[in-house]
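# Tertiary structure, described
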Amino acid sequence: MATLHRTLVMRECPTAMCHAPTMLRLADGGVLIAWFGGSAEGADDVGIYLARGANGAFDAPRLIAQSDEPHWNPVLFAPDEKTIALYYKVGRWIRSWRTMVRLSDDGGHSFSEARELVPGDAGGRGPVRAKPIRLMSGEIAAPASTEDGPWRAFVDLSEDNGAHWRRSSPIAIDPAALAVEAAAVKSRIPVSEQSFHGRGVIQPTLWESAPGVVHALMRSTEGRVFRADSTDGGRHFAEAFPTDIPNPNSGIDVAQLEDGRLVLAHNPVADNWGARSPMRLSISRDNGRHFETFMDLDGGEGEFAYPAILADGGHVHVCYTYKRQNIAYWAIDMAEGRKS
């Protein structure tokens, strides 16, 4: 393993808070990173910011989306060689937020006007936080979830590069797998009774191991990452089940290397709303059945959370929230046997 780049994206954050980065590799070898920022998560002034980087150095961030409602959870994705899609949520309540999309045909230098991804939707369609993937069938699979009442994960599928979307069956949890005690927890953001055990799973991250065999790992309220599997291209999923991966009810992301290994970015803490530290990379050599610690990127006091991870051949690129004051970025050569 060799660390190629390790840096903070901004010299100084232009907002009091920044969170939930997303990342896209560009054809020229550069990277785009977007996140939401403002006075506080859920405040009306929260917008979407974007920074362009190359070789570990980033331009100053620029505000690219803002209105009179809070913005949340940007996701960058390239549906084809000429287009970059920026998805994000808008709304004062997570249970009824709307998914917006803007497109760029000049490498992310400018974007079209925002439009609703699924007109009239309330609750969220398309990718909710982690990146979509291109299935072997050619379809786009976007990891999605809703939070109106019980948490429900699903996959949004598109056969026409994102013009239209079709929901998978909901990803359900056996009630027996849920924690016995339900204890409400206060939250700083308007999450409407979503902070207690037994709520379910959200914010999937996806990979495909064979044609039509799609797998999802999910954030949960149960102190563990949950998994669900599909054998029909993500249209239907078997019942979700807990893995042995700890999860403090915080975001995760997975990427698949060219040799088939999976790299998971996550916080290895088993308490609901527990510490979002350290930020760990874990690796699986058996299609996600077991993960072992690879390295901790950051730790100690503060929040290191909501990672985005991309595989680029034998390299991974990782970004994540750094104490809500910046965005951390790493590029790592994952060649086995190589030491930094």
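Placed above this text is the structure.
Keep in mind the model is a prediction, meaning the values are calculated, not measured.

Now for the overall build of the protein. From N to C terminus, the protein includes zero helices and 25 strands. Overall size of the protein, expressed as C-alpha extent along the three principal axes, is 50 × 50 × 45 Å. Of all intrachain contacts in the protein linking residues separated by at least 6 positions in sequence, the fraction that spans at least 24 positions is 47%. When the accessible area of the protein is evaluated, it comes to approximately 13800 Å², of which 48% is carbon and sulfur surface. Charged side chains in the protein number 35 positive and 43 negative. The centres of these two groups are separated by 2 Å.

With that out of the way, let us pick up the sheet that holds strand 14 (residues 166-167). Read from one edge to the other, the open sheet built from four strands follows the order 11-12-13-14, with strand pairing classed as antiparallel. Sheet topology places strand 11 (133-134) and strand 14 at the edges, where each strand pairs with a single neighbour.

A word on the nonpolar core. The biggest cluster of nonpolar side chains holds 26 residues, and the ones touching the most others in it are F36, I48, L50, L76, I84, L86 and Y88. At the level of secondary structure, the elements contributing two or more residues to this core comprise strand 2 (17-25), strand 3 (31-38), strand 4 (47-54), strand 6 (62-65), strand 7 (71-80), strand 8 (83-90) and strand 23 (304-312). Looking at this core, the element that brings in the most residues is strand 8, giving four residues. Non-local contacts of L86, meaning those with residues more than four positions away in its chain, are made with I48, I64, P74, V75, L76, M100, V101, R102 and F111. If you look at the next biggest cluster of nonpolar residues, it comprises 18 residues, including M279, I309, A328 and M334.

On to the side chain of R52, then. Checked against the element boundaries, R52 lands in strand 4. In this structure R52 is buried but unpaired, with D59 as the nearest side chain of opposite charge at 5.0 Å. Separated by 2.6 Å, the side chain of R52 and the backbone oxygen of G107 make a polar contact. With residues up to four places along the chain from it excluded, the contact list for R52 reads L26, V31, L32, A57, F58, D59, G107, G108 and H109.

Cis geometry marks the peptide bond from S277 to P278, where omega comes out at 5 degrees. Within the secondary structure, P278 sits in the loop between strand 20 (262-266) and strand 21 (279-284). Of note in the backbone geometry, N161 takes a positive phi value of approximately 60 degrees without being a glycine. Of note, N161 is situated in the loop between strand 13 (152-158) and strand 14. We classify N161 as partly exposed; its relative accessible area is 33%. Despite not being glycine, N249 has its phi angle at roughly 65 degrees, a positive value. Judged by its relative accessible area of 0%, N249 is buried.

Take the pattern of salt bridges next. Evaluation of the coordinates by the stated rule reveals 16 salt bridges. One salt bridge connects D259 with R261, and the closest N-O pair in it is separated by 2.8 Å. Through salt bridges with shared partners, a single ionic network connects E41, R276, E303 and R324.

Parameters at a glance
- Residues numbered from 1 in each chain as written.
- Predicted model: local features only at pLDDT ≥ 70, side-chain atom pairs only at ≥ 80, totals over all residues.
- Heavy atoms only, no water.
- Helix = DSSP H or I, 4+ residues; strand = E, 2+ residues; numbered from the N terminus.
- Contact = heavy atoms within 4.5 Å.
- Areas by Shrake-Rupley, 256 points an atom, 1.4 Å probe, with all protein chains shown as cover.
- Lys, Arg positive; Asp, Glu negative; His and termini not counted.
- Charge placed at Lys NZ, Arg CZ, Asp CG, Glu CD.
- Pairing = 2+ DSSP bridges.
- Core = buried A, V, L, I, M, F, W, Y, C linked by side-chain atoms within 4.5 Å.
- Buried < 20%, exposed > 50% of the residue type's maximum accessible area, 1.4 Å probe, protein only.
- Salt bridge = Lys/Arg side-chain N within 4 Å of Asp/Glu carboxyl O.
- Polar contact = N/O pair within 3.5 Å; in protein donor to acceptor, adjacent residues only side chain to side chain.

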